[in-house]
Amino acid sequence: MDPSQVTIPPLMDLTIDNITENVNLINSANPDARFKYVLERLVHHLHDFARETRLSTHEWMAGIQFLTKTGQICSDVRQEFILLSDILGLSLLVDSIDHPKPPNSTEGTVLGPFHTHDAHSLGHGELMSHDDNGDPLLVLCTVKDVNGKPVSGVKIDIWETDSSGHYDVQHAGRTEPDGRCIMTSDDKGDFWFKAIVPVPYPIPHDGPVGQLLKTLRRHPMRPAHMHFMFDKEGYDHLITALYLRGDPYETSDAVFGVKNSLIVELGKVDKATAEKYGVDEGIALLTHDFVLVTDEESKRLREENSRKALAKLGKKVKIVEGLPVPDVD
Ligand code: BEZ
Ligand code: FE
């Protein structure tokens, strides 16, 4: 409906049964069709949640207080709301919706709060973690498209914890980035570097999200992993991670990030490889072939999935700038 045509009835004497439609009516003057749709559905589901659970004032206030504490602990280096989204499975859900992947491509997973923008660019073969207590690891990777063609010039952000399970930003007095780097894939789509074997670690759990996990009788652990973020114009931005096979938390990640296709088995560096890459024979070896999807293919899949998902819910939609809005014409 044209927002200027909306007539607002007197907003008085609203009831459990008619408050939702009236709140949505007064919110409907915004001309941005997507914003209007998202807010309308948010109010609808929030109100239905309260009606269905018969939410008490006490519970509503407990929720407000929890969200207040969640906000109060946020800072430049701590994002408790994203952590909350992570442990409720929302982060993974949104990534799966917004970055659909065809079966033969690398799946995405949660970003987490520990990516930074100050990692140094390293040349191939350089060391990205200077933790002497970590087990040395040689990482040999390729980046290809879905047709198996190498993709060169991809900017790859990589980050992992130290051997104590902490990212560099979790150490007070951090002066330099460590355990993170930026690489660029070469003409053959290859990139390789030295790191340490990832270890399992707990997500920050000294705040409201940690308290919630405790209340839910859930542990805060993530299985051992290394993060990778791929960026090249024309390709869908890929945020992913590789997880080590056999980790005790492989099937109970606190933030639901593990996917079977992202689990890798570590090997051992043989003599020839050790000589070629200038590392000790016998250290751990991680090899992986990443497969990127073009922007075009990702957009096509996203739109197709949107139409299918909304048709299932009995909704007619049109796609505007890649996102569904109700089709009212
Ligand atoms: C991480 O893997 O760095 C992470 C992801 C979600 C929440 C906390 C940490
Ligand atoms: Fe992590």
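From a predicted model like this one, the values you see are computed outputs, not experimental measurements.

1. Concerning the UniProt feature "domain: Catechol dioxygenase N-terminal" (unreviewed entry) in the chain
Part 1 of the reasoning: In this structure's numbering, the residues bearing the UniProt feature "domain: Catechol dioxygenase N-terminal" (unreviewed entry) are residues 32-104.
Part 2 of the reasoning: The distance from the first to the last C-alpha atom of residues 32-104 is 36 Å, and the span holds 74% helix and 0% strand.

2. A closer look at a nonpolar patch on the surface
Part 1 of the reasoning: Residues Leu-42, Leu-46, Phe-49, Leu-55, Trp-60, Met-61 and Ile-64 make up a contiguous nonpolar surface patch of roughly 660 Å² in combined accessible area.
Part 2 of the reasoning: Among the elements of the structure, helix H2 (33-53) and helix H3 (57-72) are those that each provide at least two residues to the nonpolar patch.
Part 3 of the reasoning: Under the relative-accessibility criterion, Met-61 is labelled partly exposed at 37%.

3. Observations concerning the pattern of salt bridges
Part 1 of the reasoning: The final tally for this structure, using the stated rule, is 19 salt bridges.
Part 2 of the reasoning: Where Glu-40 meets Arg-41, a salt bridge forms, and the shortest distance between an N and an O atom there is 3.4 Å.
Part 3 of the reasoning: A salt bridge links Glu-303 to Lys-299, with the nearest nitrogen and oxygen atoms 3.4 Å apart. Of the two residues, Glu-303 and Lys-299 are both situated in helix H8 (residues 295-312); the distance of four residues between them amounts to about one turn of the helix.
Part 4 of the reasoning: The class for Glu-303 is buried, based on a relative accessible area of 17%.
Part 5 of the reasoning: Ionic contacts of the salt-bridge type, sharing partners, join the residues Asp-98, Lys-101, Asp-236 and Arg-302 into one network.

4. Regarding the site of ligand 1
Part 1 of the reasoning: Near ligand 1 you find Leu-83, Asp-86, Gly-112, Pro-113, Phe-114, Tyr-167, Tyr-201, Ile-203, Arg-222, His-225, His-227 and Val-255, and these make up its full shell.
Part 2 of the reasoning: A distance of 3.0 Å is found between an oxygen atom of ligand 1 and a side-chain nitrogen or oxygen belonging to His-225.
Part 3 of the reasoning: At a separation of 2.9 Å, an oxygen atom of ligand 1 approaches a polar side-chain atom of His-227.
Part 4 of the reasoning: For ligand 1, the protein covers 100% of the area, taking 260 Å² as the surface of the free molecule.
Part 5 of the reasoning: At a threshold of 2 Å from the grid points, most atoms of ligand 1 map onto the largest cavity.

5. Here we look at the coordination of the iron ion (ligand 2)
Part 1 of the reasoning: Taken together, the protein ligands of the iron ion (ligand 2) are Tyr-167 (OH), Tyr-201 (OH), His-225 (NE2) and His-227 (NE2), with distances of 1.9 to 2.1 Å.
Part 2 of the reasoning: One way to put it: the six donor atoms around the iron ion (ligand 2) meet at angles of 56 to 168°, and that makes the site irregular.

6. Points about the pairing of strand S2 (residues 155-159)
Part 1 of the reasoning: With four of its five residues buried, S2 lies for the most part within the structure.
Part 2 of the reasoning: Bridging between S2 and strand S3 (residues 180-184) involves five bridges; their strand directions are antiparallel. What sits directly across from Ile-156, in S3, is Met-183.

7. A word on the packing of aromatic side chains
Part 1 of the reasoning: One pass over the structure, following the stated rule, counts ten aromatic pairs.
Part 2 of the reasoning: Taking the centre distance of 6.2 Å and the plane angle of 25° together, the rings of Phe-191 and Phe-290 count as stacked. With Phe-191 in strand S4 (residues 190-196) and Phe-290 in strand S11 (residues 284-292), this residue pair connects regions lying 99 residues apart in the sequence. Residues Phe-191 and Phe-290 agree in their burial class; the two are buried.
Part 3 of the reasoning: Residues Phe-230 and Phe-290 carry aromatic rings whose centres are separated by 4.7 Å and whose planes lie at 50° to one another, so their mutual orientation is tilted. Placement of the pair is Phe-230 in strand S7 (residues 225-231) and Phe-290 in strand S11, with a sequence separation of 60 residues.

8. Quick notes on the domain arrangement of the chain
Part 1 of the reasoning: With domains assigned, the chain is organised as domain 1 (3-55), domain 2 (80-293) and domain 3 (299-329).
Part 2 of the reasoning: Taking only C-alpha atoms, the centre of domain 1 and the centre of domain 3 are 21 Å apart.
Part 3 of the reasoning: Listed per partner, the contact involves four residues of domain 1 and six residues of domain 3.
Part 4 of the reasoning: Between domain 1 and domain 3 lies a buried interface of about 460 Å² when both sides are counted; carbon and sulfur atoms form 63% of it.
Part 5 of the reasoning: Taken together, the connections running from domain 1 to domain 3 amount to zero salt bridges.
Part 6 of the reasoning: On the surface where domain 1 and domain 3 come into contact, there are one residue pair in polar contact (both at pLDDT 80 or more).

9. Things to note about the nonpolar core
Part 1 of the reasoning: Counting residues in each nonpolar core, the largest one holds 29 residues, and the members touching the most others are Ile-158, Phe-191, Phe-193, Phe-228 and Phe-230.
Part 2 of the reasoning: If you list the elements that add at least two residues to this core, you get strand S1 (136-145), S2, S3, S4, S7, strand S8 (238-244) and S11.
Part 3 of the reasoning: Not counting residues within four places of it along the chain, the set of residues in contact with Phe-228 comprises Ile-156, Asp-157, Ile-158, Trp-159, Phe-191, Phe-193, Leu-238, Ile-239, Thr-240, Ala-241, Leu-242 and Phe-290.
Part 4 of the reasoning: Core analysis: the next-biggest nonpolar cluster, separate from the first, contains ten residues, Leu-83, Ile-87, Leu-92 and Val-110 among them.

10. Some thoughts on the packing of helix H1 (residues 19-26) against H2
Part 1 of the reasoning: Packing of H1 against H2 leaves a shortest axis separation of 10 Å and a crossing angle of 160°. Here H1 lies roughly antiparallel to H2, going by the angle between them. Viewed along their axes, H1 and H2 form a crossing whose handedness is right-handed. Counting all contacts with H1, which are made through Ile-19, Thr-20, Val-23 and Asn-24, the residues of H2 involved are Leu-39, Glu-40, Val-43, His-44, His-47 and Arg-51.
Part 2 of the reasoning: Residue composition of the contact of H1 with H2, by class: four nonpolar, four polar and two charged.

Conventions adopted
- Residues numbered from 1 in each chain as written.
- Chains lettered and ligands numbered in written order.
- Predicted model: local features only at pLDDT ≥ 70, side-chain atom pairs only at ≥ 80, totals over all residues.
- Heavy atoms only, no water.
- UniProt positions renumbered as here; feature names shortened; annotations may be inferred.
- Helix = DSSP H or I, 4+ residues; strand = E, 2+ residues; numbered from the N terminus.
- Patch = residues over 30% accessible without salt bridge, like charges linked within 9 Å, V, L, I, M, F, W, Y side chains within 5 Å.
- Areas by Shrake-Rupley, 256 points an atom, 1.4 Å probe, with all protein chains shown as cover.
- Salt bridge = Lys/Arg side-chain N within 4 Å of Asp/Glu carboxyl O.
- Buried < 20%, exposed > 50% of the residue type's maximum accessible area, 1.4 Å probe, protein only.
- Near = heavy atom within 4 Å.
- Polar contact = N/O pair within 3.5 Å; in protein donor to acceptor, adjacent residues only side chain to side chain.
- 1 Å grid on protein atoms, 1.4 Å probe; cavity = no way out; pocket = protein on both sides within 12 Å on 5 of 7 lines; lining within 4 Å.
- Sits in = over half its atoms within 2 Å of the grid points.
- Donors = N, O, S within 2.8 Å, 3.2 Å for Na, K, Ca; no water.
- Tetrahedral: all angles 85-135°; square planar, octahedral: opposite > 155°, others 65-115°.
- Pairing = 2+ DSSP bridges.
- Phe/Tyr/Trp six-rings, centres within 6.5 Å; stacked < 30°, edge-to-face > 60°.
- Domains from an automatic or database assignment.
- Contact = heavy atoms within 4.5 Å.
- Buried area = accessible area lost by both parts, 1.4 Å probe.
- Core = buried A, V, L, I, M, F, W, Y, C linked by side-chain atoms within 4.5 Å.
- Axes fitted to C-alpha atoms, helices over the stretch in contact; angles between N-to-C directions.
- Parallel < 35°, antiparallel > 145°, perpendicular 65-115°, else oblique.
- Left-handed = near helix turned anticlockwise from the far one by under 90°.
- Nonpolar A, V, L, I, M, F, W, Y, C, P; charged D, E, K, R; others polar.

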